[in-house]
Amino acid sequence: MSVSSSIEICLSKQLSGMTILSKLEKYGWSYNDHGHATFLPIGDDDDYSWQHVSIPKEELFKILSTKEKQRELIGVGMTWKDTNIGDTFLMSPDINRKVVEVESYSNINDINWYMTKLIPVFGPLFESISYQEHV
C-alpha cells in the first residue's frame, strides 16, 4: 500500500532556502540519510531525480547554494538527530517515516512528532501549517 503525505509551512517572513536549512540543522536535523546525502541535483528541472550519495557536507552546501542562486527548487533529505527518521525537505515525509503506533494500523504519519521538531525552529514566523495524507 502506498502512502502520500505532505506538510506545507508558510512563514510570515521570507527566508532563503539556505537560511531555513541552517535553522533546521541548528535545532537537531542533519543531512545524514543512512550515511549519505539525499538531494535534488543542479539542473534537475522538476524531474525529481533524487541523488543519494556519500559526499562531504561542504560539497552538499555548494550544490544547494548553487541551486538557490539559480532559483532552482531545493530538495534535501534530513533526519532528526540519531533516529534515522526524517523528511525530504519539500516536506513529504518518507525517510523512515514516524508513524502512529496503533495495534491494527500503523501507516499514518505521526504529525505531532514532526510538529514538535519543526515548531521550535520557526516559532513566531509560522503563518500557517497544512497537512495532508492519502493512504
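Quick caveat, the model's predicted, so the values are computed rather than measured.

Core analysis: the biggest nonpolar cluster contains 24 residues, and Leu-21, Leu-24, Trp-29, Leu-64, Val-76 and Met-78 have the highest contact counts within it. Those elements giving two or more residues to this core turn out to be helix H1 (17-26), strand S3 (37-39), helix H2 (57-69), strand S5 (77-80) and helix H3 (111-122). Ranked by the residues each element gives to this core, the list is headed by H3, at six residues.

Once that is clear, we can look at the packing of aromatic side chains. According to the stated counting rule, one finds six aromatic pairs in the structure shown. Ring centres of Trp-29 and Trp-80 lie 5.5 Å apart, and the angle between their planes is 70 degrees; on these two criteria the pair is classed as edge-to-face. Here Trp-29, found in strand S2 (residues 29-30), pairs with Trp-80, found in strand S5; they are 51 residues apart in sequence, far enough to count as distant. Summarising the burial analysis for this pair, Trp-29 and Trp-80 share the class buried. Ring geometry for Trp-113 and Tyr-114: centres 5.0 Å apart, planes at 80 degrees, overall edge-to-face. Among the residues examined, Tyr-114 registers a relative accessible area of 1% and is labelled buried. An aromatic cluster is present here, built from Trp-29, Trp-80, Phe-89, Trp-113 and Tyr-114 joined pairwise through their rings.

Within this structure, the stated rule accounts for two salt bridges. The salt bridge involving Glu-25 is made with Lys-57; its shortest N-O contact spans 2.5 Å. Of this pair, Glu-25 sits in helix H1 while Lys-57 is found in helix H2, placing the two residues 32 residues apart along the sequence. Under the relative-accessibility criterion, Glu-25 is labelled partly exposed at 25%. Residue Lys-57 is classed as partly exposed on the basis of its relative accessible area of 38%. Of the charged contacts, one joins Glu-72 and Lys-67 as a salt bridge, the two residues approaching to 2.9 Å between their closest N and O atoms. With a relative accessible area of 21%, Glu-72 lands in the partly exposed category.

The next thing to look at is the side chain of Thr-38. Take Thr-38: it is sitting in strand S3. The class of Thr-38 is buried, set by a relative accessible area of 8%.

Our next topic: H1. What H1 keeps buried is the set Met-18, Leu-21 and Leu-24. Across the axial projection of H1, the buried residues extend over an arc of 120 degrees, all falling on one side. Where H1 is buried, its residues meet S2, H2, S5 and H3. One or two positions beyond H1, positive phi appears at Gly-28, with a value near 125 degrees.

Bringing unusual backbone geometry into the picture now. The backbone of Asp-46 sits at a positive phi, close to 60 degrees, despite the residue not being glycine. The topology assignment puts Asp-46 in the loop between S3 and strand S4 (51-53). According to the relative accessible area criterion, Asp-46 is exposed, its value standing at 53%. The phi angle at Lys-81 is positive, at roughly 40 degrees, despite the residue not being glycine. Within the secondary structure, Lys-81 sits in the loop between S5 and strand S6 (86-88). On the accessibility criterion, Lys-81 (52% relative accessible area) is exposed.

Conventions adopted
Residues numbered from 1 in each chain as written. Predicted model: local features only at pLDDT ≥ 70, side-chain atom pairs only at ≥ 80, totals over all residues. Heavy atoms only, no water. Core = buried A, V, L, I, M, F, W, Y, C linked by side-chain atoms within 4.5 Å. Buried < 20%, exposed > 50% of the residue type's maximum accessible area, 1.4 Å probe, protein only. Helix = DSSP H or I, 4+ residues; strand = E, 2+ residues; numbered from the N terminus. Phe/Tyr/Trp six-rings, centres within 6.5 Å; stacked < 30°, edge-to-face > 60°. Salt bridge = Lys/Arg side-chain N within 4 Å of Asp/Glu carboxyl O. Arc of directions from axis to C-beta. Contact = heavy atoms within 4.5 Å.

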